[in-house]
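# Inside the fold
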Amino acid sequence: MKRNRPKYKQIIEAAVVVIAENGYHQAQISKIARQAGVADGTIYLYFKNKEDVLISVFQEKMAMFVETINEGIAGKETALEKLLVMFESHFKILSADKKLAIVTQLELRQSNKDLRFKINEVLKDYLSVLESILEYGKERGEFAADLDIRLARQMIFGTMDETATTWVLNEHKYDLVALAPKVHKLILNGCISENAAS
C-alpha cells in the first residue's frame, strides 16, 4: 500500500538524486528528507533505514525497466528483435536519467554481502525477461538447440551492464543508445569475421 502513496514516490526520487550526487555512504537520511521536502521522521514511516531506501529505489526502478521492456517486446515476432528492443530500452532509460544511471551502475556496487544478496534478488524479474527471450529464440530455432540459457543470460546482462558502467565512468560523453545495435550484433555474431566463418 505504501508504495502507491505520493510521499513514497517523492522519497524514492529524492534518494536517486542524493545518492547520485553524494554517494551511498554520504547520503544521509536528513539529505534525502530535505531533497524530498519531508521531515526526517517521515522517511522512517516508509523505510527501515538507509539500506532499505537503496533497495527500494532499485526495486522501483527495476520494475520500471521490466515494464518498459515487456511493453516494447510484446509486438515483436522474433527473439532477435526482442533482444534489440531490450538493449535499446535498457540504454534509453539510463540515458534519460543520468542520476539513476550513476546509482544503478556505481552506487549499487556495495561490498556488504547482505546488501549484494538483496540487490541480486531484485534483479531476478529482469533476468527472467531475458531468459524468456532466449527460451523463445531456442524454441523458434533462432538460437542453437544446445544454448546454455543461464550462461547466455549472464553474458548478455554482463555485457549490457558493463557497457552502461563504462558510459557512466566516461561521464556520458557519447550516445549510449547508439551502442545498442553494436552490442546486439556482437552478442549474436561474436568477433569472428564472416569470411572466417564460411
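Note that the structure is a prediction, hence the values are computed from the model and not measured. (Residues numbered from 1 in each chain as written. Predicted model: local features only at pLDDT ≥ 70, side-chain atom pairs only at ≥ 80, totals over all residues. Heavy atoms only, no water.)

## Here we look at the pattern of salt bridges
Stated precisely, the cut-off is as follows: Any Lys or Arg side-chain nitrogen found within 4 Å of a carboxyl oxygen on Asp or Glu counts as a salt bridge. By definition, any uninterrupted DSSP run of H or I lasting at least four residues is a helix, any uninterrupted run of E lasting at least two residues is a strand, and each is numbered from the N terminus. For the exposure calls, accessible area comes from a 1.4 Å probe over protein chains only, and a residue counts as buried if that area is under 20% of its type's maximum, exposed if over 50%, partly exposed in between.
Using the criterion set out here, one finds eight salt bridges in the structure. In this structure, K9 engages E60 in a salt bridge whose closest nitrogen and oxygen atoms are separated by 3.2 Å. Placement of K9 in helix α1 (residues 6–22) and of E60 in helix α4 (residues 50–73) is noted, with a sequence separation of 51 residues between them. Judged by its relative accessible area of 39%, K9 is partly exposed. Classification of E60 by relative accessible area gives buried; the value is 13%. As a salt-bridge pair, R140 and E142 come within 2.6 Å of each other at their nearest N and O atoms. Among the residues examined, E142 registers a relative accessible area of 24% and is labelled partly exposed.

## A look at the layout of surface pockets
Put simply, the rule reads: Of the two site types, the cavity is a set of points on a 1 Å grid over the protein atoms alone where a 1.4 Å probe fits but cannot get out, and the pocket is an open set with protein on both sides within 12 Å along at least five of seven lines, each lined by residues with an atom within 4 Å of a point. Grid points are joined across faces, edges and corners, and a volume is the space filled by probe spheres set on the points. Residues are grouped as follows: nonpolar covers Ala, Val, Leu, Ile, Met, Phe, Trp, Tyr, Cys and Pro; charged covers Asp, Glu, Lys and Arg; every other residue, Gly included, is treated as polar.
Looking at the largest pocket, its volume works out to about 300 Å³. As for the largest pocket, its lining consists of 15 residues, of which F58, R109, I119, L123 and D161 are closest to the centre. No other element matches the four residues that helix α7 (residues 113–139) contributes to the lining of the largest pocket. Partitioning the lining of the largest pocket into residue classes produces seven nonpolar, five polar and three charged. As for the second largest pocket, its lining consists of N120, L123, K124, L127, S128, E131, R150, R153, Q154 and F157. Residue assignment for the lining of the second largest pocket shows that the elements contributing at least two residues are α7 and α8 (149–169). Looking at the lining of the second largest pocket element by element, the count peaks at six residues for α7.

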